[in-house]
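The lines below spell out each chain.
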Amino acid sequence: LWVLVDSMIKWSPAIKWWLLKWDIIIKANETPLQWMDSTKAVELIKWPSWTKVKLEILRTWEKEVLIKEITREKIKIPSVDTSDIKREDIWYISLNMFWENTVNEFEDFLETYNNDPKIKWVIIDLRDNGWGYLQSAVWILSKFIQKDKILVTTKFTNSALNESYTSNNTGKTVDKKIIILINGNSASASEIMAWA
């Protein structure tokens, strides 16, 4: 078994240094990673911060092993990112994860954009968002879906444990046309938001 790059976090050193999905990392600083416990392999690759690590990488379409010397960096990821896309009628927002702070960050952007009469469309980018808290997704969905509408239901073998999460919106919902962007790495809370 090797260390396989399954996906990359936005703004991470992996993106900066052009690692790609499906890269196989075979060595870190000359230490072979084959059959190594994944936690130990990650530690060898990631720590300590602001030092260099030399990675040897197999890529299926490359004939030779690639060698990349990467500076390990602390990853600080905003869970909400927005940018102007040169159209004043579109609000683009990227949700990179659904953590506890996502709710507060989203609220700040919502206050800025939701009351702008020029905005007609909202693009919510959930690509490569594969993790997060259910409650965070429920709170954000509540800004788009009317109060008491069911957002997601969890079902168990013992039906007595089934739970439904409903919109807790206490104010006006976002009254815009909505586009959701997803890809193969959109999972967990992203799937729930896209389906709802």
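For the structure given in this document, a descriptive report is provided here. (Residues numbered from 1 in each chain as written. Predicted model: local features only at pLDDT ≥ 70, side-chain atom pairs only at ≥ 80, totals over all residues. Heavy atoms only, no water.)

**Structural notes on the overall build of the protein**
The line we're drawing: By the criteria applied, helices consist of DSSP H or I runs no shorter than four residues and strands consist of E runs no shorter than two, each listed in order from the N terminus. Only C-alpha atoms enter the radius of gyration; for comparison, a globular chain is expected to reach 2.2 Å times N to the power 0.38, where N is the number of residues. Exposure classes here rest on a 1.4 Å probe applied to the protein chains alone. A residue is buried below 20% of its type maximum, exposed above 50%, and partly exposed in between. Any two residues whose heavy atoms approach within 4.5 Å are treated as being in contact. Method for areas: the Shrake-Rupley scheme with a 1.4 Å probe, in which residue coverage is limited to the protein chains shown. When charges are counted, neither His nor the chain ends are considered; positive counts come from Lys and Arg and negative counts from Asp and Glu. The atom standing in for a charge is NZ when the residue is Lys, CZ when it is Arg, CG when it is Asp and CD when it is Glu.
Along the protein, the regular secondary structure elements total 5 helices and 11 strands. On C-alpha atoms alone, the protein measures out to a radius of gyration of 20 Å, which is more than a quarter above the 16 Å that the 2.2 N^0.38 rule sets for 196 residues. Projected onto the principal axes, the alpha-carbon positions of the protein cover approximately 60 × 50 × 30 Å. Relative to its 196 residues, the protein shows a buried fraction of 36%. For the protein, long-range pairs separated by at least 24 residues make up 62% of all intrachain contacts whose partners lie at least 6 apart in sequence. As displayed, the protein offers around 12400 Å² of accessible surface, 54% of which is attributable to carbon and sulfur atoms. In the protein, 26 positive and 26 negative side-chain charges are present, and the distance between their average locations comes to 2 Å.

**Re a nonpolar patch on the surface**
Put simply, the rule reads: Exposure above 30% relative accessible area and the lack of any salt bridge qualify a residue for a patch; like charges then connect within 9 Å, and the nonpolar side chains Val, Leu, Ile, Met, Phe, Trp and Tyr within 5 Å. Whenever a carboxyl oxygen of Asp or Glu lies within 4 Å of a side-chain nitrogen of Lys or Arg, that contact is scored as a salt bridge.
A cluster of nonpolar residues, Leu58, Val65 and Ile67, forms a patch on the protein surface that exposes about 240 Å² of accessible area. Within the secondary structure layout, Ile67 lies in strand S5 (residues 66-71).

**Quick word on the nonpolar core**
Inclusion rule: To qualify as a nonpolar core, a set must consist of buried Ala, Val, Leu, Ile, Met, Phe, Trp, Tyr and Cys residues joined through side-chain atoms within 4.5 Å.
Within the largest apolar cluster, 24 residues are counted, with the highest numbers of intra-cluster contacts made by Leu95, Phe106 and Met193. Looking at which element gives the most residues to this core, the answer is helix H4 (residues 134-141), with 4 residues. When sequence neighbours within four positions are dropped, the list of residues in contact with Met193 reads Leu95, Phe98, Ile124, Leu126, Ile140, Leu141 and Phe144. Within the second largest apolar cluster, 12 residues are counted, among which are Ala41, Leu55, Ile57 and Ile70.

**A few points about unusual backbone geometry**
Phi is positive for Trp35, which is not a glycine, with a value near 65°. Here Trp35 lies in the loop between strand S3 (31-32) and helix H2 (38-46). According to the relative accessible area criterion, Trp35 is exposed, its value standing at 65%. In this structure, Ser188 is a non-glycine residue whose phi angle is positive, near 60°. Structurally, the position occupied by Ser188 is in the loop between strand S11 (177-181) and helix H5 (189-195).

**Some words on the pattern of salt bridges**
The full count for this structure, using the stated rule, is 4 salt bridges. Between Glu30 and Lys54 there is a salt bridge; the shortest N-O distance is 2.5 Å. In this pair, Glu30 is assigned in the loop between strand S2 (24-28) and S3 and Lys54 in strand S4 (residues 52-58), connecting sequence segments 24 residues apart. Close ionic contact of Arg127 with Asp125 constitutes a salt bridge, the shortest N to O distance being 2.7 Å. Residue classification places Asp125 among the buried positions, given a relative accessible area of 2%.

**A word on the side chain of Glu56**
You can see Glu56 is positioned in strand S4. Apart from residues no more than four positions distant in its own chain, Glu56 is found in contact with Ile24, Ile25, Ile26, Lys27, Glu30, Val65, Leu66 and Ile67.

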